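Next come the chains, spelled out residue by residue.
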Amino acid sequence: MISIKNLHKSYKMGDTSLHVLKGIDLNVNQGELVAIMGSSGSGKSTLLNILGMLDLADEGEYLLDNVLIEGLTETTAANYRNKFLGFIFQSFNLINYKNALENVALPLYYQGLGRKIRQVKALQYLEKVGLKDWATHLPSELSGGQKQRVAIARAMASQPKVLLADEPTGALDSKTSSEVMSLIQQINNEGKTILVVTHELDIAHMCKRIVTLKDGVIVEDQSVDQVIVENHV
Amino acid sequence: MFNRDRWQEIYETIRKNRLRTFLSGFTVALGIFIFIVLFGFGNGLKNTFKQFFLDDATNTLWVSPGKTSKPYRGFKANRRIEFENSDLEDIKDNFKFFLEGITPRINRSARVRFRGESDNYSTRAVAPDHQYIEKTLIMQGRFINQDDIEKKTKNIVIGRLVAKDLFKKEDPIGKYLEIGSSAFKVVGVFQDQSGDREERLIYIPYTTQQLIEKNNDKINSIIVSFRPELSYTRALAFERQLRLFLKKKKSIDPRDNNGIRIRNVADQIRQNQRFAQVLQLIVAFVGIGTLIAGIIGISNIMVFVVKERTKELGVRKALGATPKSVIGMVLHESIFITTLSGITGMIAGIVLLSNMEDRLEEFFIIDPYIDNFTALVATILLILFGAVAGYIPAKRAASIKPIVAIRDE
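All of the points below concern the structure found in this document. (Residues numbered from 1 in each chain as written. Chains lettered and ligands numbered in written order. Predicted model: local features only at pLDDT ≥ 70, side-chain atom pairs only at ≥ 80, totals over all residues.)

A closer look at helix α1 (residues 44-51) of chain A
All names here are of chain A.
Argument step 1. The buried count for α1 comes to 8 of 8 residues, which makes it a mostly enclosed element.
Argument step 2. Within the sequence span of α1, burial applies to Lys44, Ser45, Thr46, Leu47, Leu48, Asn49, Ile50 and Leu51.
Argument step 3. Trailing α1 by a residue or two, methionine 53 shows a phi angle of about 60°, which is positive. (Buried ≥ 20, exposed ≤ 12 C-beta atoms within 10 Å, placed from the backbone. Helix = DSSP H or I, 4+ residues; strand = E, 2+ residues; numbered from the N terminus.)

Some details on the packing of helix α1 (residues 4-16) of chain B against helix α10 (residues 323-356) of chain B
Packed helix pairs are characterised by how far apart their axes lie and by the angle those axes make with each other.
Residues and elements named next belong to chain B.
Argument step 1. At a minimum axis separation of 10 Å, α1 and α10 run at an interaxial angle of 65°. Classified by the interaxial angle, the pair formed by α1 and α10 is roughly perpendicular. Considering only the axes of α1 and α10, their crossing is right-handed. Between α1 and α10, the contacting residues are Arg6, Glu9, Ile10, Thr13 and Ile14 on the first element and Met329, His332, Glu333, Phe336 and Ile337 on the second.
Argument step 2. Broken down by class, the residue content of the contact of α1 with α10 amounts to 5 nonpolar, 2 polar and 3 charged. (Axes fitted to C-alpha atoms, helices over the stretch in contact; angles between N-to-C directions. Parallel < 35°, antiparallel > 145°, perpendicular 65-115°, else oblique. Left-handed = near helix turned anticlockwise from the far one by under 90°. Contact = placed C-beta atoms within 7 Å. Nonpolar A, V, L, I, M, F, W, Y, C, P; charged D, E, K, R; others polar.)

What to know about the interface of chain A and chain B
Argument step 1. If you look at the interface, chain A gives 22 residues, while chain B gives 20 residues.
Argument step 2. Mapped onto the side of chain A that touches chain B, the elements with two or more residues apiece are α2 (74-84) and α3 (100-110) of chain A.
Argument step 3. Per-element tally for the side of chain A that touches chain B: the top contributor is α2 of chain A, with 6 residues.
Argument step 4. Partitioned by chemical class, the residues of the side of chain A that touches chain B number 10 nonpolar, 8 polar and 4 charged.

Structural notes on α3 of chain A
Argument step 1. The buried fraction of α3 of chain A amounts to 11 of the 11 residues, a majority that puts the element mostly inside the structure.
Argument step 2. Turning to α3 of chain A, its buried residues number three or more, namely Ala100, Leu101, Glu102, Asn103, Val104, Ala105, Leu106, Pro107, Leu108, Tyr109 and Tyr110 of chain A.
Argument step 3. Summarising the contacts, the buried residues of α3 of chain A are in contact with α2, α4 (115-128) and α5 (144-157) of chain A together with α1 of chain B.
Argument step 4. Phi turns positive one or two residues past the end of α3 of chain A, at glycine 112 of chain A, with a value near 85°.

Considerations on the sheet that holds strand β7 (residues 162-166) of chain A
Residues and elements named next belong to chain A.
Argument step 1. Across the sheet, which stays open at both edges, the 6 strands sit in the order β6-β7-β8-β3-β9-β10 with mixed pairing between neighbours. In the strand order of this sheet, the two ends are held by β6 (85-88) and β10 (217-223), each with one partner. If you compare each strand with its neighbour and ignore which way they point, the axes differ by 20° on average.
Argument step 2. Note: strand β9 (residues 209-214) against β10, 6 bridges, orientation antiparallel. Considered in β10, the bridge of lysine 214 is made with valine 217.
Argument step 3. The sheet contacts of α1 involve β3 (33-37), β7, β8 (193-198) and β9, and relative to β8 the element is tilted by about 150°. (Pairing = 2+ DSSP bridges.)

Notes on unusual backbone geometry
Argument step 1. Residue asparagine 6 of chain A is not a glycine yet carries a positive backbone phi of 50°.
Argument step 2. Following the sequence through the fold, asparagine 6 of chain A ends up in strand β1 (residues 2-13).
Argument step 3. Among the residues examined, asparagine 6 of chain A registers 13 C-beta atoms within 10 Å and is labelled partly exposed.
Argument step 4. Phi at arginine 115 of chain B is positive, roughly 50°, even though this residue is not glycine.

This is the structure:
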């Protein structure tokens with residue numbers, strides 16, 4: 001599903017240049033649940049941003065679902081993001097003046113779907129994350145865990161090939177973290193490919209494979225026995 | 001642009017961001033409102049000015065006799081000069097090229113009676129040309145005509161207020177008034193923009209006045225109007241020649257400035273017109289200033305709005321919004337708001353102006369107005385600049401990488 005070869009990325013910081021990714025090779029198959037671990041500064045978020053086409057690599061090859069991602073214009077990147085990828089952020093990034101349903105329906109709007117279909121689909125995904133009854137609530141009326149579940153529903157709504165989660169539990173307590181991870185596991189079990197960036201070991205162990213980054217290179221790549229989280233939802 | 005979903009999205013955004021919408025809308029509405037009201041007041045000021053100063057015909061010379069101050073050709077100094085009918089004829093004969101109209105004036109005051117009513121009024125004995133020179137408007141009947149002059153008829157034209165005072169609601173035309181000891185027939189009623197004093201006058205044919213006064217041929221003063229197409233320098237030349245001609249005829253020392261007095265209205269008008277131009281300039285300056293202030297205001301609001309939305313726009317981009325759709329959305333929204341509120345402000349301003357009429361007369365603002373073209377152009381300009389002002393930050397926001405926009409501070 002994802003195939004990257006010799007990926008390099010550096011950031012210019014004034015006169016000096018910071019080499020963040022120093023040749024990453026990674027293959028992720030359909031249906032995998034991969035944790036990308038590493039301390040801050042290891043380049044894990046940069047990797048995720050490049051995978052998410054939010055940022056461009058300086059060098060290397062990136063294949064997503066056998067499509068070469070290269071020399072993207074802003075517009076095609078936006079279309080690819082919309083079609084292939086779903087994002088889950090640490091700080092949820094829900095649009096604060098839209099209610100849960102409207103937030104979930106937003107990627108569908110950018111897919112060009114009609115209003116009625118958007119509503120129906122969005123409600124379907126809200127139901128999937130157990131928040132059907134909260135459809136008309138604004139993000140400010142939801143708890144952290146609920147917000148992240150809305151964000152997950154939003155990421156799912158466009159039926160992407162890959163879900164990218166950047167520290168999805170970073171802003172949550174351990175109980176709601178488990179809830180969210182349980183949801184992610186559930187979605188993964190339905191066959192969705194998911195990448196989770198985290199620096200917490202217990203969260204990483206809830207995935208099926210752990211890729212560890214250090215100073216811009218992969219130092220460890222191992223399959224793990226997945227810790228199954230009880231479904232509280 | 002006419003996508004129903006886009007409208008829906010904008011409607012939602014507007015509905016749920018009332019403060020932001022209100023701020024940008026209010027700025028535009030206020031800007032255009034103030035512009036229209038100030039511009040209208042400026043025009044009102046100009047109206048007042050026109051009424052005060054530009055009422056009489058501008059191409060006139062007021063010639064009046066004085067006392068000589070130098071002895072000349074055997075005449076002593078301090079001699080009183082007098083005008084008579086022959087002077088009128090001589091001016092007519094000698095200045096045909098310049099002349100448009102000429103009238104004498106003999107000012108008197110008399111007790112005027114009609115039935116039980118009586119009062120003191122000023123009378124003015126004139127020739128028919130006086131009507132044009134004083135811009136007298138006939139409301140009823142006619143002005144003094146050439147026939148009256150030749151036959152020395154006892155026909156008079158009375159001011160609007162004379163008619164009101166003496167005749168009340170009765171029709172004065174054809175009625176007889178007693179002025180002094182003789183009866184005159186009213187043939188016309190006039191009004192004059194210059195004010196009440198002018199409308200309490202009675203016009204009499206000058207020949208009739210002379211007949212009553214022992215059939216003399218004396219005239220108080222002469223008013224000459226020259227052809228309006230004459231240039232300013234030509235008009236001055238005419239004034240100079242007329243002065244020389246009269247001095248020669250009346251045997252006044254050419255260097256004596258006191259024998260003949262000529263007031264050139266063109267000269268005064270020129271000054272007044274300059275003042276009016278300055279006034280116009282001030283009005284335009286105030287107008288453009290307000291408009292610029294409005295444009296700066298809407299620009300600031302737009303920068304603020306887009307800045308506030310940077311993160312949201314980043315999220316939208318992460319969810320698949322193209323840069324074009326982001327810019328389009330921001331612009332669409334801002335143009336919608338500015339257009340709506342701009343038109344509201346414009347209409348409010350115009351309504352206020354049209355209800356003002358003479359209510360601010362004591363502040364020298366009469367009948368303030370703004371022509372629709374200026375109002376519309378100003379409104380469109382403000383909307384256009386609002387769009388431009390929104391476009392620049394929107395474009396910048398759209399080009400920011402979503403990851404930068406989303407990043408938590």
